[in-house]
Amino acid sequence: LGGPYMGDQSVVAQLESAFHAPGVKAVVLRIESPGGSGLASNLIDHAVQRLKRETGKPVIVSMGSVAGSGGYYIACHADHIWADRHTRTGSIGVLFVKPSFEGFYAKHHIREDDFERGDGMAGVSQGRDWDRAMQATADSSITHYYEHFVAKVADGRHLPIADVREAAQGRVWLAQDALDRKLIDCIGGLEAALADARRIGGIPRRENIRPVEIGRPPPRLAPPLPGHSLPRAGHDPSARPRPTR
């Protein structure tokens, strides 16, 4: 209902197919994403690292118009990252959205009966405002995941933590700014990334190659309805709202 989106299961399945395809020497991962679920991003990143170890094949990222936040998260362990000159990337940050209709319910005399098994059970309820304790818990969770994101980028890009912190804080960079901060390796489009994959994969320049494209699976008749808002690794104001899983 919110438009096309990537899920960790479908993307990991595509990565598995690409890395294990006979005759494939290198994998080019094309990313067009403003971010999404922190968990899904982490699972995709783990798959990229695992498949690189298992197959010994390099992965080259080619960024589209936007590859920010969760879109950058899944790119940071690539061997090379290419971005178009006008690509918006970075956005190393974490956002948690929890709407509350408590005031609306009270104004319209709507009663909600709750059945709880602990103090934190109502934390994601849309019928309750956060109290100070829940706000502190959410702040702590966001801080923890942000530090994990920063460490992930530092590890993948072989950068000092201090340098990543300087480039992070949820800020979005165009390609030249990202290159100056070593968040990407090169500026160029998909064709340049494919040429780089040929070189890193050890394919002779005169040898003919046939790129094997593994795209998104065909859409289902009825997409799943979006549920509660979950932690998102940042967002892009120009993008439409979308489910995080």
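This text follows the structure it describes.
Residues numbered from 1 in each chain as written. Predicted model: local features only at pLDDT ≥ 70, side-chain atom pairs only at ≥ 80, totals over all residues. Heavy atoms only, no water.

**Observations regarding a nonpolar patch on the surface**
Together, Phe 101, Phe 104 and Ile 110 make up a nonpolar patch on the protein surface, roughly 270 Å² of accessible area in all. Position of Ile 110 among the secondary structure elements: in the loop between helix 4 (102-107) and helix 5 (132-157). (Patch = residues over 30% accessible without salt bridge, like charges linked within 9 Å, V, L, I, M, F, W, Y side chains within 5 Å. Areas by Shrake-Rupley, 256 points an atom, 1.4 Å probe, with all protein chains shown as cover. Salt bridge = Lys/Arg side-chain N within 4 Å of Asp/Glu carboxyl O. Helix = DSSP H or I, 4+ residues; strand = E, 2+ residues; numbered from the N terminus.)

**Quick look at the pattern of salt bridges**
Where charged atoms from two side chains of opposite charge approach closely, those side chains can pair. Here the structure, examined in full by the defined rule, presents eight salt bridges. Here Arg 111 and Asp 113 are joined by a salt bridge, their closest N and O atoms 3.2 Å apart. Take Arg 111 and Asp 113: they sit in the same class, and that class is exposed. Note that Asp 185 is salt-bridged to Arg 157, the shortest N-O span being 3.0 Å. Of this pair, Asp 185 sits in the loop between helix 7 (175-180) and strand 6 (186-187) while Arg 157 sits in helix 5; the two residues are 28 residues apart in sequence, bridging distant segments of the chain. Residue class for Asp 185 comes out partly exposed when judged on its relative accessible area of 30%. (Buried < 20%, exposed > 50% of the residue type's maximum accessible area, 1.4 Å probe, protein only.)

**Observations concerning unusual backbone geometry**
One non-glycine residue, Ser 91, lies in positive phi territory at about 50°. Structurally, Ser 91 can be placed in the loop between strand 4 (88-90) and helix 4. Positive phi outside glycine occurs at Gln 169, with the angle close to 60°. Considering the arrangement of structural elements, one finds Gln 169 in the loop between helix 6 (161-167) and strand 5 (172-174).

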